[in-house]
Amino acid sequence: MTDTISFSQEVSNLLYAAEGEPLRTCIQCGTCSGTCPVAGYMDYTPRQIIALINAGNKEQVLESNTFWYCASCYHCTVRCPQKINITELMYALKRYSIWKGQHKEGLIGPTFSEAFVKMIVRGGRSFEPVLAPSYIFSLNLREMLQEVTNATELLLKGRLPVLPARIKRIDSFKRMIGRIIPMGGLE
Ligand code: SF4
Ligand code: SF4
């Protein structure tokens, strides 16, 4: 007989230092949604996303923008009466979504995150010109020109490197990262 685990358990397994299924202890009080500064832009509020996870509605969760819009402000986490780490849940859903290659169309977050993680895994440092293509084409012309102007000013002031830097002992770094996240397709 094949063991299958619930979506809630799968997500709980991705939460750092979590025991059991913390999301199951949610009492649906709505404190997290009420305190979230970006709830108005989310397809589902934090309270709703937890209800959907507990109901096993994986497709609906992965196709939502909720976790990609999370600003990691921790307001929800410090106020949750059940001490559920909702911010960490949002990070876990991002990782899960990238891992499964499933996310809502048209969002900047997934492409940007993937480009960022690949860049860090390969060189150990951030290099903005590699990240720019992951979001710049979704901007309108005025915003695009503003980005180019900002980048030029930073370059002229020596705040933007011309060439990417690479840390020493990159292989050790990759081995360390490989213990935390699946490396398939990242190297
Ligand atoms: S604040 Fe905590 S208990 Fe209340 S709805 Fe949000 S996650 Fe659930
Ligand atoms: S951490 Fe994310 S989900 Fe929680 S209140 Fe802040 S923006 Fe909203």
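Position numbers for residues start from 1 in each chain and track the written sequence from start to end. As they are written, the chains are lettered A onward and the ligands numbered 1 onward, keeping that order. Note on the predicted model: pLDDT of at least 70 is required for a residue's local features to be given, and 80 or more for side-chain atom pairs to be given and counted; whole-chain, interface and lining totals, by contrast, use all residues. Hydrogens and waters are ignored; side-chain quantities use all the structure's heavy atoms.

### Description of the site of ligand 1
- To be near a molecule or strand, a residue needs just one of its heavy atoms within 4 Å of it. Around ligand 1 sit 14 residues, and of these C26, C29, G30, C32 and C80 come closest.
- Its residues assigned to classes, the shell around ligand 1 shows 9 nonpolar, 4 polar and 1 charged. Gly is placed with the polar residues, together with every amino acid not listed as nonpolar (Ala, Val, Leu, Ile, Met, Phe, Trp, Tyr, Cys and Pro) or charged (Asp, Glu, Lys and Arg).

### Quick look at the pattern of salt bridges
- By definition here, a salt bridge exists when the distance from a side-chain nitrogen of Lys or Arg to a carboxyl oxygen of Asp or Glu is within 4 Å. Under the defined criterion, the tally for this structure stands at 5 salt bridges.
- The partner of E10 in a salt bridge is K58, with the nearest N and O atoms 3.5 Å apart. Here the residue E10 occupies a position in helix α1 (residues 7–13), and K58 occupies one in helix α4 (residues 58–62), the gap between them amounting to 48 residues.
- Accessible area is worked out with a 1.4 Å probe on protein chains only. A residue is then buried under 20% of its type maximum, exposed over 50%, and partly exposed in between. Judged by relative accessible area, which is 27%, K58 ranks as partly exposed.
- The residue R95 makes a salt bridge to E88 at a minimum N-O spacing of 3.3 Å.
- What makes R95 partly exposed here is its relative accessible area of 26%. Working definition: helices are DSSP H or I runs of at least four residues, strands are E runs of at least two. Numbering for both runs from the N terminus.

### Remarks on the site of ligand 2
- Contacts to ligand 2 come from 13 residues, most closely from C36, C70, A71, C73 and C76.
- Contributions of two or more residues to the shell around ligand 2 are made by α6 (75–79) and α7 (86–100).
- Counted by class, the shell around ligand 2 contains 10 nonpolar, 3 polar and no charged residues.

### Let's talk about α7
- In this scheme, a helix's expected span is set at 1.5 Å multiplied by one less than its residue total. The first and last C-alpha atoms of α7 sit 21 Å apart over 15 residues, in line with the 21 Å expected at 1.5 Å per residue.
- What α7 keeps buried is the set I86, T87, E88, L89, M90, A92, L93, K94, Y96 and S97.
- Summarising the contacts, the buried residues of α7 are in contact with α1, α2 (31–35), α3 (46–54), α4, α5 (66–69) and α6.
- Looking one or two residues past α7, G101 carries a phi angle of roughly 65°, positive in sign. We call two residues in contact whenever any of their non-hydrogen atoms come within 4.5 Å of each other.

### Description of a nonpolar patch on the surface
- The patches reported here contain residues having more than 30% relative accessible area and no salt bridge. Joining distances are 9 Å for like charges and 5 Å for nonpolar side chains (Val, Leu, Ile, Met, Phe, Trp, Tyr). Here the open area of atoms and residues is found with the Shrake-Rupley method and a 1.4 Å probe, where only the protein chains shown may cover a residue. The grouping of I108, F112, F116 and V117 at the surface amounts to a nonpolar patch, some 280 Å² of accessible area in total.
- In this structure, I108 sits in helix α8 (residues 108–123).

### Some words on the environment of T45
- Within the element layout of this structure, T45 appears in the loop between α2 and α3.
- On the basis of relative accessible area, T45 is assigned to the buried category, the value being 19%.
- Sequence separation of T45 and F67 is 22 residues, and the distance between their C-alpha atoms is 9.5 Å.
- Contact partners of T45, with chain neighbours within four places excluded, come to S33 and A39.

### With respect to the confidence of the model for the protein chain
- Every residue gets a pLDDT, meaning the predictor's confidence in that residue, from 0 to 100. Within the protein chain, residue pLDDT values average 90, and 94% of them lie at 70 or more.
- Element-level pLDDT for the protein chain is lowest in helix α9 (residues 128–131), with a mean of 86, against a maximum mean of 98 in α2.

### Digging into helix α11 (residues 170–178)
- Among the residues of α11, those classed as buried are I170, F173, K174 and I177. Projected onto a plane normal to the axis of α11, the buried residues spread over an arc of 100° and lie on a single side.
- Looking at the buried residues of α11, the elements they touch are α8. Here the arc refers to the directions that run from the helix axis out to each C-beta atom.

### Details of the domain arrangement of the protein chain
- In terms of domain boundaries, the protein chain breaks down into domain 1 (7–100) and domain 2 (108–178).
- Relative to domain 2, the C-alpha centre of domain 1 lies at a distance of 28 Å. Residue ranges labeled as domains rest on an automatic or database domain assignment.

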